[in-house]
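# Coordinates in review
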Amino acid sequence: MKSHIFKCIHGTIKFASDIEKEVSSKGHEIMKAQIWICDESNSDGIDEVVVTVTGENVNYVGCIGNSVKCKYWNRSFSFKDKKTGRIRFGNEPVAEEIKLISRC
């Protein structure tokens, strides 16, 4: 089995969604949210990503304004479009590990 290719972003948590309970495809109940991380330190432009967080990483939902280092991977999936009935594809950046760098 191949492992994921990880990306990393160092930046500030700008926003976070509410934490929601969800049932996984295997029937497990999980806590899930999304965190928007933005790195404005590059003179060429802004690097930003919205990552899905689960498990212990949902603890960072309340850390808006804090600087973090986030290691994440991109999950690709297919789904049926409710309006058209066609199969569509999507991508979802998923946080693997988040570390607090500094508090604002």
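This one's a predicted model, so the numbers in the text were calculated from it and none came from an experiment.

## A few points about the pattern of salt bridges
Working definition: two side chains of opposite charge can pair if their charged atoms are close together. All told, the structure shown has 7 salt bridges when counted by the stated rule. In this structure, E29 and K21 form a salt bridge, with 4.0 Å as the shortest nitrogen-oxygen distance. In terms of burial, E29 and K21 fall into one category: exposed. Here K32 and E92 are joined by a salt bridge, their closest N and O atoms 3.8 Å apart. Of this pair, K32 sits in strand 3 (residues 29-39) while E92 sits in strand 6 (residues 87-102), placing them 60 residues apart in sequence. Among the ionic contacts, a cluster of salt bridges with common partners joins E22, K32, R75 and E92.

## Re the side chain of D39
Mapped onto the fold, D39 is located in strand 3. Buried and unpaired, D39 has no salt bridge, with K14 as the nearest side chain of opposite charge at 9.6 Å. A distance of 2.6 Å separates polar atoms of two side chains, one belonging to D39 and the other to S41. Not counting residues up to four positions away in its chain, the partners in contact with D39 are I9, H10, G11, G45, I46 and D47.

## As for the confidence of the model for the protein chain
Confidence in the prediction of the protein chain, expressed as mean pLDDT, is 91, and 97% of residues score 70 or more. Confidence, expressed as mean pLDDT per element, reaches its minimum in the protein chain at strand 2 (residues 20-23) with 92 and its maximum at strand 1 (residues 7-16) with 96.

## Considering the state of the cysteines
A covalent bond between the sulfur atoms of two cysteines is what we call a disulfide. Applying the stated criterion across every chain, the model contains 0 disulfides. The thiol sulfur of C70 is not disulfide-bonded, and the nearest other cysteine sulfur, from C8, lies at 7.2 Å. Look at C70 and you get buried, because its relative accessible area is 0%.

What counts, and at which threshold
- Residues numbered from 1 in each chain as written.
- Predicted model: local features only at pLDDT ≥ 70, side-chain atom pairs only at ≥ 80, totals over all residues.
- Heavy atoms only, no water.
- Salt bridge = Lys/Arg side-chain N within 4 Å of Asp/Glu carboxyl O.
- Buried < 20%, exposed > 50% of the residue type's maximum accessible area, 1.4 Å probe, protein only.
- Helix = DSSP H or I, 4+ residues; strand = E, 2+ residues; numbered from the N terminus.
- Lys, Arg positive; Asp, Glu negative; His and termini not counted.
- Polar contact = N/O pair within 3.5 Å; in protein donor to acceptor, adjacent residues only side chain to side chain.
- Contact = heavy atoms within 4.5 Å.
- pLDDT = per-residue confidence, 0-100.
- Disulfide = S-S within 2.5 Å.

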